[in-house]
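This is what each chain is made of:
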Amino acid sequence: MTFLPTSLRAAGLCALLSAQVFAAQIVFVQPAEAGVIERACRSSDRSAANPSLCRCIQKVANVQLTSAERRTVSKWFGDPHQAQVVRQSSNWRDEQLWERYKLFGDTAAKTCG
């Protein structure tokens, strides 16, 4: 039986532990953020907001919006006026968010509608 030198065994162990920590972060971090759009959709007073539709919209949001954008957009379900504030803003970040939101909305309508 051949043993690896101590430095290689240590390096392999570090790589293994790093991979496990990274995998644990994926498992534990993503669920905390996942579903913010879906939860906002389900809690909205819109009559068309059913679990299947809200789940579909969340899936599109996960692909097209960053986690920060999803958190921002989810607040618009409860306060649609904030969406208008962003739409009418001349701030370049708001303009970028609005363009990404429109693309998200168009995709969600085609995918989930």
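Residues numbered from 1 in each chain as written. Predicted model: local features only at pLDDT ≥ 70, side-chain atom pairs only at ≥ 80, totals over all residues. Heavy atoms only, no water.

1. Quick notes on the environment of Gln82
Part 1 of the reasoning: Summarising the element assignment, Gln82 is placed in helix 5 (residues 80–88).
Part 2 of the reasoning: On the basis of relative accessibility, which here comes to 35%, the residue Gln82 falls in the partly exposed class. (Helix = DSSP H or I, 4+ residues; strand = E, 2+ residues; numbered from the N terminus. Buried < 20%, exposed > 50% of the residue type's maximum accessible area, 1.4 Å probe, protein only.)

2. Quick notes on the packing of helix 3 (residues 51–64) against helix 6 (residues 92–112)
Part 1 of the reasoning: With their axes 9 Å apart at the nearest point, helix 3 and helix 6 run at an angle of 135° to one another. In this view, helix 3 runs oblique relative to helix 6, as classed from their interaxial angle. Classified by chirality, the crossing of helix 6 by helix 3 is right-handed. Across the interface between the two elements, Leu53, Cys56, Ile57, Val60, Ala61 and Gln64 of helix 3 pack against Arg100, Leu103, Phe104, Thr107, Ala108, Thr111 and Cys112 of helix 6.
Part 2 of the reasoning: Class assignment of the residues belonging to the contact of helix 3 with helix 6 gives a composition of nine nonpolar, three polar and one charged. (Axes fitted to C-alpha atoms, helices over the stretch in contact; angles between N-to-C directions. Parallel < 35°, antiparallel > 145°, perpendicular 65-115°, else oblique. Left-handed = near helix turned anticlockwise from the far one by under 90°. Contact = heavy atoms within 4.5 Å. Nonpolar A, V, L, I, M, F, W, Y, C, P; charged D, E, K, R; others polar.)

3. A look at the layout of surface pockets
Part 1 of the reasoning: Approximately 320 Å³ is the volume attributed to the largest pocket.
Part 2 of the reasoning: Going through the elements one at a time, helix 3, helix 4 (67–78) and helix 6 are the ones with two or more residues in the lining of the largest pocket.
Part 3 of the reasoning: When residues of the lining of the largest pocket are assigned to their parent elements, the largest contribution, four residues, is made by helix 6.
Part 4 of the reasoning: Looking at the lining of the largest pocket residue by residue, the classes come out as 12 nonpolar, one polar and one charged. (1 Å grid on protein atoms, 1.4 Å probe; cavity = no way out; pocket = protein on both sides within 12 Å on 5 of 7 lines; lining within 4 Å. Points joined across faces, edges and corners; volume = space filled by probe spheres on them.)

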